[in-house]
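Listed here are the chains, written in short residue letters.
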Amino acid sequence: MQEFTAPLATTYKIECWGASGQGDIGRGAYTNGNISFPAASTFYIYVGQMGVNGALIHDESYANITSGTFNGGGGFLCPNPDLNNATGGGATDIRLQSGNWDDFSSLKSRIMVAAGGGAFLSGGKQSYGGTLSSLGDAENHYPYGVHTTISQGASQTSGYKFGIGQDGGRAGGGGGYYGGCSHVNEGGLIGIRGSGGSSFISGYIGCDAISESSTEDNIIHTGQPNHYSGYVFTNPVMIDGGSVMPSPNGGTETGHGGNGCCIISWISPSL
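Residues numbered from 1 in each chain as written. Predicted model: local features only at pLDDT ≥ 70, side-chain atom pairs only at ≥ 80, totals over all residues. Heavy atoms only, no water.

(A) Broad picture of the overall build of the protein chain. Broken down by element type, the protein chain carries two helices and 13 strands. For the protein chain, with 271 residues in total, the buried portion stands at 53%. For the protein chain, long-range pairs separated by at least 24 residues make up 63% of all intrachain contacts whose partners lie at least 6 apart in sequence. Of the roughly 10800 Å² that the protein chain leaves accessible, carbon and sulfur atoms contribute 49%. (Helix = DSSP H or I, 4+ residues; strand = E, 2+ residues; numbered from the N terminus. Buried < 20%, exposed > 50% of the residue type's maximum accessible area, 1.4 Å probe, protein only. Contact = heavy atoms within 4.5 Å. Areas by Shrake-Rupley, 256 points an atom, 1.4 Å probe, with all protein chains shown as cover.)

Written out as structure tokens, the structure is:
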């Protein structure tokens, strides 16, 4: 987590890129918008960690990655390091309250979220991070003739969990406003695609903000897009991880690969 303290009372442009699942397959989503911050106000930036391919790790660190990636990327349940297991990518978000990335009070303070991509091993559609929702209910084609399905994509009101992607048998879901899902069969080993998470921008038409009184066990959706804090973005943009978007390095890219990113710049006030 990184802190940002506004040096000026002015309008800022915030851009967020979610991380990709399994390094570079299910790519991260992009969000941006303009917002006015008072001078000396502090916000918290959580940048998603890219997914990891477990087959590339054969040491004591293997056990550490099975639980997923920073900021919501789902892990995997398969204990065999010789198999091509993979984790989902974490979301990148802006929060009003600090805390552990999965602390609910911190998660509900998010005013912008760029979804991470789900892990993707074989078959079906790519598991890129979504905008208002992400792809789900797609068929997994396992190399040995086994067909499974993932549970669902993520949306503004549903997914695996609020802010958390699901651990799958072989591939985890992506982080997001709601985290993406993965399939876990009875033995916990099959499930080779996790869906990406969903994105959120306070003020973006179609977003569904939650009430300040929400708890982890009772999330109350308001049916409108503005965050309870009153911080609302203007000119908001969402682009899913399967489409062309600005690159943090300049130019454009199709979906965001690698770790997430956040860029904050100020818009000079009129003189």
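There's more to say after this.
(B) Expanded view of the pairing of strand E5 (residues 92-95). Of the two faces of E5, the one carrying Thr92 and Ile94 and the one carrying Asp93 and Arg95 are both buried. Pairing between strand E4 (residues 42-46) and E5: three bridges, direction antiparallel. Along E5, the bridge assignment pairs isoleucine 45 with isoleucine 94. Where E5 meets strand E6 (residues 110-114), four bridges bridge the pair, whose relative direction is antiparallel. Residue arginine 95 lies in a different strand from E6, and its bridge partner there is arginine 110. (Pairing = 2+ DSSP bridges.)

(C) Highlighting the nonpolar core. By size, the foremost hydrophobic cluster in this structure holds 28 residues, and its most contacted members are Ile14, Phe37, Ile94, Met112, Phe162, Tyr177 and Phe233. Looking at this core, the elements with two or more residues in it are strand E2 (10-17), strand E3 (30-37), E4, helix H2 (104-107), E6 and strand E9 (200-201). Counting residues per element, this core draws most heavily on E6, at four residues. (Core = buried A, V, L, I, M, F, W, Y, C linked by side-chain atoms within 4.5 Å.)

(D) Here's a closer look at unusual backbone geometry. A positive phi is found at alanine 40, a non-glycine position, where the angle reads about 70°. Even without a glycine there, the phi angle at asparagine 235 is positive, about 50°. Note that asparagine 235 resides in strand E10 (residues 234-239).

(E) Region of the structure containing the sheet that holds E2. Reading across the sheet, the four strands line up as E10-E3-E2-E13 and stay open at both edges, with antiparallel pairing between neighbours. The sheet is open, and its two borders are formed by E10 and strand E13 (261-267), each paired with just one other strand. For this sheet, the mean inter-axis angle between neighbouring strands, taken without regard to orientation, is 20°. The pairing of E2 with E13 spans seven bridges and is antiparallel. Within E13, the residue paired with cysteine 16 across the bridge is cysteine 262. (Axes fitted to C-alpha atoms, helices over the stretch in contact; angles between N-to-C directions.)

(F) Examining the sheet that holds E9 more closely. Taken in spatial order, the five strands of this open sheet run E1-E4-E5-E6-E9, and their pairing is antiparallel. Each having just a single partner strand, strand E1 (2-5) and E9 make up the two edges of the open sheet. One ladder, built from four bridges, connects E1 with E4; its direction is antiparallel. Looking at the pairing, threonine 5 lines up with threonine 42 of E4.

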